Amino acid sequence: MHVQPEHGLSSKEVRHRLLHFGLNQLSDKKPRSVYTILIDQFKSVVVLLLVVVGVLAILFNDHLEGVAIFAVVGINAIIGFLTEWRATRSMEALHRLGRVDTVVVRDGQMIEVTAQELVPGDIVALEGGDIVTADMRLIESAKLQADESALTGESLPVSKSIDRLPDDTRVMDQHNMLFKGTALTSGSGKAVIVGTGHNTELGHVANLASEAKAQVTPLEKRLNSLAARLVWVVLLLAVLVAVAGFIAGRDTWLAIEVAIVLAVSAIPEGLPIVATIALARGMWRMARRNALIAKLSAVETLGATGVILTDKTGTLTENRMSVTNVRLPDLELELNSPQENGVLEQLQPLLQACVLCSNASLRTNDQGVTETVGDATEVALLQAAADYEIERSTLLKEWPEIREYAFDPKTKLMATVHKQHEAILVAVKGAGEAILPLCAKEAGKSGDRVLTVESRDAWLRQTEELGAKGLRTLAIAQKHADSEDIEPFEDLTLLGIVGLEDPPRRGVREAIARCHAAGIEVVMVTGDHGATARHIATQLGIVNASMNEEAFVTGDQLDHYDDEQDSIRLLRVRIFSRVTPEQKLRLIKLYQHHGQVVAMTGDGVNDAPALKKADIGIAMGIRGTDVAKEAADMVLQDDEFGTIVRAVAHGRAIFENIRKFVVYLLSCNISEIIAVSLATLAGAPLPLLPLQILFLNLVTDVFPALALGVGAGSPELMREKPRPSKEQVLTHRHWQRIVAHGTIIAITVLAAMAIALFYLDFTAESAVTVSFCTLALAQLWHVFNMRNNIGQVFSNEITRNLWIWVAIVICIALVLAAVYVPPLANILELEHPGGDGWLLILLMSLIPLATAPLVRAFTSVR
């Protein structure tokens, strides 16, 4: 079927081709199957040790204990399977939230569709910054270049054309083709899709999409490394406990079993699983708040962010542009007020140039609602022209576009060339300071006149005046020529300056105040005019009116600074205006050199290097290019600054939660080691038997730890300075706290057992029940010692965490079942301790909770 580029495919034909060719997608990476996740639960050192213990128990004719140990292995596998399955499916679902849209021509209208919906024959509109979503042949090209390194290995951008090439031309030499998975670095054009899904060059590359490895974050690596080191430490300790048992004259099998089970219980196997759950749940929370995390490592880095380099337009402001002021050579207008007769005649050349020099479009749908496609600034210019009945589609019929010079962030200029019969018209727009030096004339009411030096200075002052009102400014110019072969950016005629209003977003001032309270610096880095940037920054509290000029630097001034000699002064700057993407990259390196963790916002293809270089690259989800989104660690679905601040708060909470459950798990495990080790060395009765240790480990390692991992976090976290980026999960003081809490719990358990034996005359079995229950409850109450502010006993982030209370209820029920359900009580060798026993258990288990303020005071840990 022949396709007309102006009309594109019909909706009916699109549906037919979708059925014939299928969705435009490659096979996703095969998800981990239920079987694989289940098998992985039996591959750890901990499980292998338990299996060895179970086999030895059966060999020593202790069949009941052997069966019980294998039951523990099964329960542990089920819990691990359920938590890991949930985390895996959560990550897969998060991955599916990302979506790439493509602008196509269908039924004569320019619309946006998802990349999956593309079919061969679709006419695609292309802009620098787009990700190429299918194989396509160019039919129009304006200085179009593509980064094809992902496909061909070519590191430099490749220039594209519409030239016909021989059929046997190699892929890397097909300069009239664009290939799925590559990126457009500059220019614009149109193309017709020739291949989708597996019928693309990318689809022919074997296993390209399926070879992606699971991402392991630095935090998970540190936790895995911690667990691995603990394995060897605990195994050594287990050998010492076994030897001490032999020396104390204990039964050989009991000594071996206690040593191995103690080693198994002391290894915090749940660390990686709980970390994954905490990260995945945190990512879901952020996604629901419009912060889509593209890389897991971003979650932990967010909490350490010390400076945010933020764009202005669309992030701090609404990105709802409207033209409010126009300055013509002989007229000043406010477009929201009634106009006198004859104004349109003077305004028309400027509005026509605005409409011609554009890639945006307006159309009215069947419901009468105006739909827009394109950059917000260009859309605002089209809407202003439409108010005066100047339509882009009508104008392009009179002056068809024959060439485009795409917007260049370095020159801050864009131009389009149009032809009507033999006449050539060039329409140009860009920054005032960029266009004014290129203009030789200005279009006055009575005709063109020479643009003098004084006139240029006057125009620059008007630009400053509009900027001081918070308006974004654009200069508009044109020129007529007799030939297509012209230089578009010389001998221009200035038509005027347009002022566009983009009000600050609601809530941004409060979000910036939260940043300052959290010790995070906010620096505006914008390509906009300095006066406009200063006005908005003052409104939002980034700077105050009393700040001196050292807080404001333009891109031109920045070029004269030396990063070494002037670094201190540059770090005090709060507004960088008229900066280029290269200068953004330079600023990131400057802050990182001084130890800051940098978050950077960006939306353009030229922002990609800076987004990659930043510790947290943040792309705009609405107005950001696909290249920027691919390079970023986080995508803002609403382009709002407040979302960044909420994401930082979530990042801090997630890291703090992970730290809490690591401290909790290790202090509980160490308490078991110390209690059994001290009793063994003293030749006293064991306070815990092997199966009891396993049971407690199963209870305390899972439910309270999971509850800590998914907590909402304390509001106090955003009133503290960012943590150092290289700070370990467990600092020296955290280790002190772990050992202190573990020792107090262990001594409490041994004291409870001693009181039961020597003062209450309990039997040995009843005394072990007392020590077992004391340890179980002490570890449960110990979860409340994980609160940030130790002085807030009753109202804190732990007591407000509903999952903590659920975990406590479940664990208490399991402990009571262990004592009172006959089959379980017989296996664990427990019996009813009586009223005196329960009173003793309750009082002694509260001692670690009561002594927590003393531990915190001596270790000085939050």
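Within each chain, residues carry numbers counting from 1 in the order of the written sequence. Predicted model: local features are reported for residues with pLDDT of at least 70 only, side-chain atom pairs are reported and counted for 80 or more only, and whole-chain, interface and lining totals are derived from all residues. Calculated side-chain values reflect all of the structure's heavy atoms, with hydrogen atoms and water omitted.

**Describing the packing of helix H15 (residues 453–468) against helix H17 (residues 530–540)**
Geometrically, a packed helix pair is captured by the angle between its two axes and the distance between the axes.
Stage number 1. To obtain each axis, a line is fitted to C-alpha atoms, and for helices this fit is confined to the stretch in contact; angles are then taken between N-to-C directions over 0 to 180 degrees. What counts as a helix is a DSSP run of H or I of at least four residues, what counts as a strand is a run of E of at least two, and both are numbered from the N terminus. Close contact between H15 and H17 brings their axes to 7 Å; oriented N to C, the two are set at 15°. Of the possible angle classes, the one that applies to H15 and H17 is roughly parallel. With respect to the hand of their crossing, H15 and H17 are arranged in right-handed fashion. Contact residues: H15 offers Glu464, Gly467 and Ala468, while H17 offers Ala531, Thr532 and His535.
Stage number 2. Of the residues in the contact of H15 with H17, the class split is 2 nonpolar, 3 polar and 1 charged. Our angle categories are set so that under 35 degrees counts as roughly parallel, over 145 as roughly antiparallel, 65 to 115 as roughly perpendicular, and the remainder as oblique. For any pair of crossing helices, the crossing counts as left-handed if the nearer helix is rotated counterclockwise from the farther one by less than a right angle, and right-handed if it is rotated clockwise. In what follows, a contact means two residues having at least one pair of non-hydrogen atoms within 4.5 Å. Classes in brief: Ala, Val, Leu, Ile, Met, Phe, Trp, Tyr, Cys and Pro nonpolar; Asp, Glu, Lys and Arg charged; the others, Gly included, polar.

**Focus on the pattern of salt bridges**
Any two side chains of opposite charge can pair if their charged atoms end up close together.
Stage number 1. Counted as salt bridges are all cases of a side-chain nitrogen of Lys or Arg within 4 Å of a carboxyl oxygen of Asp or Glu. Tallying each qualifying case throughout the model produces 17 salt bridges.
Stage number 2. Between Glu550 and Arg572 there is a salt bridge whose closest N-O contact spans 3.5 Å. Remark: Arg572 occurs in the loop between helix H19 (567–571) and strand E23 (575–577) and Glu550 occurs in the loop between H17 and strand E22 (552–554); sequence separation between them is 22 residues.
Stage number 3. Under the relative-accessibility criterion, Glu550 is labelled partly exposed at 32%.
Stage number 4. Among the ionic contacts, a cluster of salt bridges with common partners joins Lys312, Arg472 and Asp528. Residue burial is assigned from relative accessible area. The probe radius is 1.4 Å, only protein chains are included, and a residue is buried under 20% of its type maximum, exposed over 50%, and partly exposed in between.

**So, unusual backbone geometry**
Stage number 1. Within the chain, Asn290 stands out as a residue other than glycine whose phi angle is a positive 75°.
Stage number 2. Topologically, Asn290 is positioned in the loop between helix H9 (270–288) and strand E8 (291–293).
Stage number 3. Judged by relative accessible area, Asn290 falls into the partly exposed class, the value being 30%.
Stage number 4. Not every positive phi belongs to a glycine, and His421 is a case in point at roughly 60°.
Stage number 5. Assignment of secondary structure puts His421 in the loop between strand E15 (413–420) and strand E16 (423–430).

**Regarding the packing of aromatic side chains**
Stage number 1. Aromatic pairs are defined between Phe, Tyr and Trp rings, using the six-membered ring for Trp, whenever the two ring centres lie within 6.5 Å; interplanar angles under 30 degrees are classed as stacked, those over 60 as edge-to-face, and all others as tilted. Throughout the structure, instances matching the rule amount to 4 aromatic pairs.
Stage number 2. Between Phe695 and Phe772, the aromatic rings sit 6.1 Å apart at their centres with planes inclined by 45°, giving tilted as the arrangement. Pair noted here: Phe695 is in helix H24 (residues 690–709) and Phe772 is in helix H26 (residues 764–781), with a separation of 77 residues, a long-range link. Neither Phe695 nor Phe772 differs from the other in exposure class; each is buried.

**So, the sheet that holds strand E21 (residues 521–525)**
Stage number 1. One requirement defines pairing of two strands: DSSP has to find at least two bridges between them. Taken in spatial order, the 8 strands of this open sheet run E8-E26-E25-E24-E9-E21-E23-E22, and their pairing is mixed. A strand with exactly one partner marks an edge of an open sheet, and here the two such strands are E8 and E22. Taking the axes of each pair of neighbouring strands and ignoring which way they run, one obtains an average angle of 20° across the sheet.
Stage number 2. Strands strand E9 (307–310), E21, E23 and strand E24 (598–602) of the sheet are contacted by helix H20 (residues 581–593), whose axis makes an angle of about 170° with E24.

**A look at the pairing of strand E14 (residues 401–408)**
Stage number 1. Pairing of E14 with E15 involves 5 bridges; the strand directions are antiparallel. Residue Arg403 lies in a different strand from E15, and its bridge partner there is Val417.
Stage number 2. Hairpin connection from E14 to E15: 4 residues lie between these consecutive antiparallel strands, with Lys412 at a positive phi of about 60°.

**Remarks on the environment of Ala238**
Stage number 1. Summarising the element assignment, Ala238 is placed in helix H7 (residues 218–247).
Stage number 2. Taking the C-alpha atoms as reference points, Ala238 and Val258, 20 residues apart in sequence, are found 8.3 Å from one another.

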